[in-house]
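# What the coordinates show
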Amino acid sequence: MFCNNCGNQIDDGVVFCPYCGNKLRELNQQRTSQPNQQQGYPQMQYDQNQQYNQQVPPKQQYGQPQKNGLSTGAIIGIIAGAAVLVIVLITTILLIAFSKVSNSGSNTASSTTQATTEKADVTEATTEEASSEEATTAATEEATTEEAAGLDDIVPEMSNAYYDVLKKHKSSIKNYTWQMGYDAKQSYPVAFKDLTGDGLDELIFMEAGNEYAAGVYVYTYTNGKADEIYSQENIDMEVAGGSVFYVASLKNNEGLFIYYSVVDEGSDETFDKVTYNGGQFIKDSEYKRSSYPNDDYTEWNVSCTKDGSKINENEMDTFVNDNQANIDAYLMYSEGEDIDNLVSKKDTANMTFKKAASILKEKMGDAKDASSDSEENVTLPVDDSIIFSFSSGAGAWGTSISIDKDGNFGGGYHDSDMGDIGDGYPNGTVYVSNFTGKFTNIKKIDDYTYEMELEECTTANTIGTEEIEDGIRYVYSEPYGISGGETFYLYLPGKPISELSEGFIGWAYGVIGDISNDSEMKSYGLYNEEQDQGFFVYPE
């Protein structure tokens, strides 16, 4: 496995990393599922053989620069000796890499390419046959979602109100990253569905106020504004054994049917029937089923309750089966084989945050932002000769990118492993990505901050393919630091350090050194919000 602090590979089962001293997570909270043979509804089982891994660069060898294992002085000392050499080396290699594709015109921000397009949101990407099956499946799911969402029931004036709600809750919605499992690239935490029968869609979303628990929220549009009409916290939680859930709408606007389960040695399952009454959704009944082994694990002890009073399993089964048969569409749900089986039989309505925001902005017409009238023709205050760099400073990998004032960009990622050799490539392996793309919806937030969205990022070579040249194996990869991002921020010199995320500040070590004790930025920065990653301009 890999240390979730320094990224080094270490033996399975160790408690402290031998490289940086970081205490490792002892449990992997990966979701797994096991069918309940008696009732036929989801039940979870924890796989103790799995190990937790933090995302690291594609070669799975280098991580974010450590903060705990070495003192700041030691880190700066290492960087002082290596940063210049590394960055010069990376820049040189990237320039060589760019030349490999210059004939195809992919080394400038304004050029176009016939290669596979890899967008930050794979559910919206148009891929060629060589694209991964995962991206194709996600795109199909998103298309099905839009059909089932009843989007004709969203009118322009309510779009403004719902868009403002999404903007207000953006950070906590995007903080909910574990919905589809820890290897998933996307969550689908937003839905639109008419739940009250008034012919207008409600806004439904999941958000996480912390790193381990998420709840569901429902808003409706009345009297010219968006009002919250239901909320339930802690539906999907990161716990030792795991959890699964779904939130479904019932036919004929009869309400919501909500299921959530937490697993430890046994399982605790809850089914809520929620009905619309007096302008609010109110919990009508709550059924619970607990199942735990006895002391010698020879049999299971099962107990069922309705609103706190004990009932038999037949009554429990009847309630669950009747409501599941009456489900109209699944609004929110987690991964899991049993959940997948249930969801496959009904319509779905949930989508990515980016997709939901795009739908609302389209419904608003020319108004791109309900709270601002001055977004048109905003450009970035940059010279396209400025090169932003993303690197740990202590390894042989890095990403460079150049951006022009209109948001067009081009760059390259490079990671070398000269010890990874084989037949035909005795000189090692190089992971490389040459890319172009465009940022759109540029907004000036303040004198030192610009917000923009990643519209597209196109790679010159199909991701996952490889070739051997001059005894080196070239593996074409995603552009690390750009991939997985949707919202990016350009920071100008003078930006207060106190307003920056810890993740962004941490990545400064690899390019410009320690900035944590500075009062303000002394150079330009580029921040990938979703991935909490930062690019910096190397001082002249």
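Thresholds applied
- Residues numbered from 1 in each chain as written.
- Predicted model: local features only at pLDDT ≥ 70, side-chain atom pairs only at ≥ 80, totals over all residues.
- Heavy atoms only, no water.
- Helix = DSSP H or I, 4+ residues; strand = E, 2+ residues; numbered from the N terminus.
- Buried < 20%, exposed > 50% of the residue type's maximum accessible area, 1.4 Å probe, protein only.
- Contact = heavy atoms within 4.5 Å.
- Areas by Shrake-Rupley, 256 points an atom, 1.4 Å probe, with all protein chains shown as cover.
- Pairing = 2+ DSSP bridges.
- Axes fitted to C-alpha atoms, helices over the stretch in contact; angles between N-to-C directions.
- Core = buried A, V, L, I, M, F, W, Y, C linked by side-chain atoms within 4.5 Å.
- Left-handed = near helix turned anticlockwise from the far one by under 90°.
- Nonpolar A, V, L, I, M, F, W, Y, C, P; charged D, E, K, R; others polar.
- Phe/Tyr/Trp six-rings, centres within 6.5 Å; stacked < 30°, edge-to-face > 60°.
- Right-handed = clockwise from strand over helix to strand, strands pointing away.
- pLDDT = per-residue confidence, 0-100.

## What to know about the overall build of the chain
A tally of helices and strands in the chain yields 8 helices and 25 strands. Across the 540 residues that make up the chain, the buried fraction comes to 52%. Taking the contacts inside the chain whose residues are at least 6 apart along the sequence as the reference set, 60% of them involve residues at least 24 apart. When the accessible surface of the chain is split by element, carbon and sulfur atoms take 44% of a total near 24500 Å².

## Regarding the sheet that holds strand E7 (residues 243–250)
Taken together, 8 strands build an open sheet; the order of strands is E12-E11-E10-E9-E8-E7-E13-E14 and the sheet is mixed. One side of each edge strand has no neighbouring strand; the edge strands of this open sheet are strand E12 (309–311) and strand E14 (347–348). As paired elements, strand E11 (residues 300–306) and E12 share 3 bridges and run antiparallel to each other. Among the inter-strand pairings, Cys304 is bridged to a residue of E12, identified as Ile311. This element, helix H5 (residues 313–325), spans E7, strand E8 (256–263), strand E9 (267–277), strand E10 (280–293), E11, E12 and strand E13 (327–333) of the sheet and lies at about 130° to E10.

## Considering the nonpolar core
Side chains of a nonpolar character, in soluble globular proteins, are inclined to be buried together. Phe388 and Ile401 are the most contacted members of the largest nonpolar core, which has 40 residues in total. Each residue touching Ile401, except ones within four places of it in the same chain, is listed here: Ile386, Ile387, Phe388, Phe409, Gly410, Gly411, Phe435, Ile482, Leu526 and Phe535.

## A look at the packing of helix H3 (residues 156–168) against helix H7 (residues 353–363)
Here H3 crosses H7 at 145°, and the two axes come no closer than 8 Å. In the crossing of H3 with H7, the sense of the turn from one axis to the other is left-handed. When H3 is examined against H7, the residues Pro156, Ser159, Tyr162, Tyr163 and Leu166 are found in contact with a partner set consisting of Phe353, Ala356, Ala357, Leu360, Lys361 and Lys363. In terms of residue class, the contact of H3 with H7 is built from 8 nonpolar, 1 polar and 2 charged.

## As for the environment of Asp307
Examined against the element boundaries, Asp307 turns out to sit in the loop between E11 and E12. A residue is classified by how much of its surface remains accessible, and Asp307, at 48% relative accessible area, is partly exposed. In the structure, Asp307 is positioned 35 residues away from Asp272 in sequence and 9.7 Å away in space, judged by C-alpha atoms. Those residues in contact with Asp307 that sit more than four places away from it in its chain are Asp284, Ser285 and Glu286.

## Quick word on the sheet that holds strand E15 (residues 350–351)
In spatial order, the strands read E6-E5-E4-E3-E15; together these 5 strands make up an open sheet with antiparallel pairing. What marks the edges here is a single partner per strand, and that holds for strand E6 (225–237) and E15. As paired elements, strand E3 (residues 190–193) and E15 share 2 bridges and run antiparallel to each other. Looking at the pairing, Val190 lines up with Met351 of E15. On top of the sheet, H3 reaches E3, strand E4 (202–207), strand E5 (213–222) and E6; it is set at about 155° to E5, its chief contact.

## Regarding the pairing of E8
The side chains of a regular strand alternate, residue by residue, between the two faces of the sheet. In terms of residue burial, E8 counts as a mostly covered element, since 7 of its 8 residues are buried. Note: E7 against E8, 7 bridges, orientation antiparallel. Paired with Ser249 across the two strands is Leu256, which belongs to E8. Where E7 hands over to E8, the hairpin turn is made up of 5 residues, of which Asn252 adopts a positive phi near 60°. Relative to E9, E8 runs antiparallel, the two being bridged by 8 bridges. Note that in E9 the partner of Tyr260 across the bridge is Thr270.

## Some points on the packing of aromatic side chains
How two aromatic rings sit relative to each other is set out by the distance from centre to centre and by the angle between their planes. On inspection of all chains with the given rule, the structure shows 26 aromatic pairs. An angle of 20° between the planes, with centres 5.8 Å apart, marks the rings of Phe205 and Tyr219 as stacked. Of the two residues, Phe205 is situated in strand E4 and Tyr219 in strand E5; the sequence distance between them amounts to 14 residues. Its relative accessible area of 0% is what places Phe205 among the buried residues. Among the residues examined, Tyr219 registers a relative accessible area of 9% and is labelled buried. Ring plane angle 65° and centroid distance 5.8 Å describe the contact between Phe257 and Phe319, whose orientation is recorded as edge-to-face.

## Thoughts on the pairing of E13
Counted residue by residue, E13 has 6 buried out of 7 residues, so it is predominantly covered. As judged from the 5 bridges shared by E7 and E13, these two strands associate in the antiparallel manner. Bridging across to E13, Leu250 finds its partner in Ile327. The handedness of the E13 to E14 crossover, carried by helix H6 (residues 337–343), is right-handed.

## Section: H7
Across the 11 residues that make up H7, a large majority, 8, are buried. Within H7, burial applies to Phe353, Lys354, Lys355, Ala356, Ala357, Ile359, Leu360 and Lys361.

## Focus on the confidence of the model for the chain
This prediction gives the chain a mean pLDDT of 76; 69% of its residues lie at or above 70. Scored below 50 in pLDDT, residues 60–150 makes 164 contacts in the model with residues more than four places away or belonging to other chains. Low pLDDT, under 50, characterises residues 366–375; the stretch is placed with 19 contacts to residues that sit more than four places away or in other chains.

## Structural notes on unusual backbone geometry
Its identity as a non-glycine residue notwithstanding, Tyr297 has a phi of 60°, on the positive side. The topology assignment puts Tyr297 in the loop between E10 and E11. Even without being glycine, Asn441 reaches a positive phi, approximately 50°. Structurally, Asn441 is set in strand E19 (residues 429–446). You can call Asn441 partly exposed: its relative accessible area is 24%.

## Observations concerning the environment of Ile282
Assignment of secondary structure puts Ile282 in strand E10. According to the relative accessible area criterion, Ile282 is partly exposed, its value standing at 44%. For the pair Ile282 and Leu256, spaced 26 residues apart in the sequence, the C-alpha separation amounts to 9.6 Å. Ignoring any residue separated from it by four or fewer positions in sequence, one finds Ile282 in contact with Lys273, Val274, Thr275 and Asn277.

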